[in-house]
Each structure stands twice: as C-alpha cells, then as structure tokens.
Amino acid sequence: MADLGKKYCVNCLADVTNLRLRCTDCPDIELCPECFSAGAEIGNHRRWHGYQQVDGGRFSLWGPEAEGGWTSREEQSLLDAIEQYGFGNWEDMAAHVGASRTPQEVMEHYVTMYIHGNLGKACIPDNIPNRVTDHTCPSGGPLSPSLTTPLPPLDISLAEQQQLGYMPLRDDYEIEYDQDAEKLISGLSVNYDDEDVEIEMKRAHVDMYVRKLRERQRRKNIARDYNLVPSFLGRDKKDKEKEKPGVLGVCGMGGGVGGVGASGGLAIGSSSTTTAGSGAVPSTPKRKITKEEKEQRVRLRGLCQFMAHREFEDFFENMHKERVLRAKVRELQRYRRNGITRLDDSAEYEAARHKREKRKENKSVVTSKRGSGGGSGLGSGVGLGGGGGGGASGGLGVGGGIKEEGKDGEFAAIENLTGFELLSDREKVLCNSLNLSPARYLTVKTIIIKDHLQKRQGIPAKSRLPSYLDKVLKKRILTFLTESGWISRDAS
C-alpha cells in the first residue's frame, strides 16, 4: 500500500503510518495498537465495532529492540516458506523471503523467535505427545537395533570353524538353510518397460527370498539359544560329567538345525527333518531330573523351535512344582483321612511316626546282631536277620539290610511312581519286595489302620480291602505294620 502522508491516532495523536487499526463502522477513526488494545472510544465509536488492519509492511512484530529488523511482510513470507518447504530447507526459505536475507539469518531468526522465544514457549508444550510410532525403538520393532544388529561371532577355535565351515566375520556358514534361496533374485532386474504383472511377479520373488532369510536367521537364533554348536562339537561332554544336563537337544524340528554338510560345515537348517547332533544342551539345573521327566523332555523337545530356552526350562520347572503340590495335597488328604485337621497335629503325628520307626529300626539292628551268627530267618512274613540269609523263603529282610538296599539304589522299579516320596525306607523295601506300587500300598495301609482304630473304639468295621490284595500280600503287610508299631499284635 502506498503511503499518502503521515497518519496519526485520533486518540493519542501517535504516528501510525506503519501500522494502524481503522474502524469499519466509523469513518476517519484510526487507532494505534496501544489505544486499540486499551479499547479507546471516541464520539460515536465503540470498542466492539469492526476493525481493519492497515500497515505499510515495514513495522516489526518483535519491537525495535529485536535483532535483524525483520518487517511484518518478511515475517509473513517466512511463515509461508516454513509451511511450504518444511523445517530445515533454509536455502529455499531464504529465496522465498527475499534476496536481502541469507539462509543463516533465516535459520537463526526462526529458531530464536519462534522456537526458543516467548512465542515458542507459549505454543510448544514441554512434553510433546508422541503421535508417531518409533520403529527404531529397542522393543522389537521392524527397525529395532536388536533385530538389525548382528549377533557376536561364535567363540570357537580355528579348527572348529573349518570343521563347521563357519565364517565369524559374517556369522554365516558355507552351507546355509535353503542354500539355493539366492537363485530367486539373482536374475531379477527392473526395466522401465516392465508390465504390471511382471513387476508383481518380481516383487513376489523378493518376498519369498526375504521369508527364506528370516527362516534362516530364526534357525541360527535357535542354535544360539539352545547352545547347539558346542553340543555338536562335543564341548558339553566335560560339563556332563560335572553337572547333569537340564534340556535335551533340539531334535525333530522340521528343517531344523542340520548336521555336517558336504564340505564339513554345520548346516544350520536343511530341507529334511534332521537334528543338530544327538548331544544334549548343557545346563545347570538346581534339582535332580527324574527319569520320567527326561522322557517327557524328549517327547516335547519339538516345542523348542517355538519356545526360548528360558521358557522351555520354566515350563518343566512349573510342571515339577505342580507335581510337588499334588504330592502335598495327597499328603494333606491322608492326614484328613486319619482324623488330623491341623498342621500342628500333623507335625506331632509325623514326629511320633518317626520315633516309632526309629525305635523299631534300632530293635531290628539289635536282633540282627544277635542272629548274625546263624544267618537264618523266618520261613514267611518278615525275616529279621541282617547277616547271613535274611528270609529263607523270600521273607523281608529288616535292619541292616534295609540301609544297604537303599544305598545300592534298588528301587528303580518304583522310584518314579506316584507316592514314592511319601514312603519310609523300610516301606520302600517292602513295596519293592512285594512288587507293589506305593499308591496301592498307601491305600491298603490307610484302610487297615483306620479299621484297627475303629475296632479299638468299639465301632464295627467291614473289611474294605481292594480286590488286588490277595491273602499273601495282606499277611505280609499286616506283619509289617505290626512290627512297625502301627497296629497291635492281637489285631493282626
């Protein structure tokens, strides 16, 4: 707008040539910004009237003390440029503002006034909500460093590297899973005259190749997680002698970690269901693994390709805890059947039972010492000789023979059965000699003791013994319970 002379505010008579507010309802009413802000009213003019901004484009938005002397027109051009070219394109923005401003001046003015200045402090919050998903975060995103960063090379000797065909700097093998996967893309080329069908076909080939690479890397990760390479090299043999393995090798995986390739390399993956050697993955379990659990690990080792090593260990650890809890529940149920309803009473019951068994064991030791010269035993029932022969016709040797038999570990037939941990040493010997499962023995023992207590209280009791208990087994168990002090001799 061309200047037609100086203009003055009708209220304070200040010079408003560069910037003034003109009333659209009252003619010849022009105010300075200060009077307009104060709501000045003159004659028929009221502050709620409409206004029109009139300026020559030469006033400064930040006051005369602002550096650079940026005019309002330059400020508007700067805001238009930042919206058009985006933050950071200072050269294009400087050309848009005008030849009088350099890219460095444009950057410093925008950062100083609109970001770090009062306007930026008032408009930009301290904590900006994240409206964009950060794909480079370490939480497993598509561009996560944990996925793109290669694993450290295997700590193996040069001879072992040659045996496996392993290249430590590339973390690759000479024979990889799906060795011919690269043929899918080796002959691909993008031409400008390709049709849409050809382009989509080439994209499909690339997608298949990427899937094969992901599967190859997955198999490598499994081999690392379950420590299969040292197992294949036989490094775990010394560890097996010192500590028992906790997890068997990952075997039976479809196209799992392969065996030795044609050039002596360990093929991580193959097209058939092969295994990474037959060795077991060494670990340091805190408890003894039973034979039953080992067999169960062999049956479930196919889950290793879907579970991490730590998850696989936790799975069996939780199963062991479940078995312990079930045994504890059965023990509490046994207490309840014997009339014990409080834990304090159960402690007294177990202490008394232990004393009875200890007393009977000491008595048997004394008796075995007395009869050690003859070495003879009873014809049937319980043989009390610990020296020469024990029982003449298959009787149960009690006393010193019990400890020796327990030490020799001759309970292999029943040690993995339910209820074995609830038996005393003498009861284990009895069940082993009678070829009777611990659960059945505990059932018979509970019924006999309960009937005995009812008879002592004068309550008539019916014989409720199971059908699998014949007369010989019943007599042997009654004799054992009598000798152990569970029931009186007249009741048996």
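Here, every reference points to the structure presented above.
Here the residue numbers are simple positions, counted from 1 along each chain's written sequence. Owing to the predicted nature of the model, reporting of local features is limited to residues with pLDDT of at least 70; listing and counting of side-chain atom pairs is limited to 80 or more, with chain, interface and lining totals taken over all residues. Computation of side-chain values covers all heavy atoms of the structure but excludes hydrogens and water.

Observations regarding the sheet that holds strand E1 (residues 19-23)
Two strands are said to pair when DSSP picks up at least two bridges between them. Working definition: helices are DSSP H or I runs of at least four residues, strands are E runs of at least two. Numbering for both runs from the N terminus. With antiparallel pairing, the three strands of this open sheet are ordered in space as E2-E1-E3. For this open sheet the edge positions go to strand E2 (30-31) and strand E3 (51-55), each flanked by a neighbour on one side alone.

Describing unusual backbone geometry
Positioned with a positive phi, Asp28 is a non-glycine residue whose angle comes to about 60°. Secondary-structure assignment places Asp28 in the loop between E1 and E2. Under the scheme applied here, a residue whose accessible area is under 20% of the maximum for its type counts as buried, over 50% as exposed, and between as partly exposed, the area being computed with a 1.4 Å probe on protein chains only. Exposure remark for Asp28: the relative accessible area of 72% places this residue in the exposed category.

Details of the side chain of Glu176
The topology assignment puts Glu176 in the loop between strand E5 (172-173) and helix H8 (183-186). A relative accessible area of 7% places Glu176 in the buried class. Counted as a polar contact is a pair of N or O atoms within 3.5 Å, where, for protein atoms, one must be capable of donating a hydrogen and the other of accepting one, and residues adjacent in sequence contribute only when both atoms are in side chains. Polar side-chain contacts of Glu176 include one of 2.6 Å to the backbone nitrogen of Tyr173.

Concerning the pairing of E1
By the criterion of burial, E1 is predominantly enclosed, with four of the five residues buried. When E1 meets E3, the two strands line up antiparallel, connected through five bridges. Each bridged residue has a counterpart across the sheet, and for Arg20 the counterpart in E3 is Val54. From the end of E1 to the start of E2, which pair antiparallel, there are six residues, and Asp28 there has a positive phi angle of about 60°.

Some remarks on the side chain of Asp171
Relative to the helices and strands, Asp171 is located in the loop between strand E4 (166-167) and E5. Classification of Asp171 as buried rests on a relative accessible area of 12%. Any two residues whose heavy atoms approach within 4.5 Å at even a single point are treated as in contact. Not counting residues up to four positions away in its chain, the partners in contact with Asp171 are Leu151, Tyr166, Lys220 and Arg224.

Some words on the environment of Tyr468
Checked against the element boundaries, Tyr468 lands in the loop between helix H17 (438-456) and helix H18 (471-484). The partly exposed category is assigned to Tyr468, whose relative accessible area is 27%. Leaving out residues up to four positions away in the same chain, Tyr468 has contacts with Arg440, Thr443, Val444 and Leu473.

The quantities given are spatial measurements derived from coordinates; they are silent on function.
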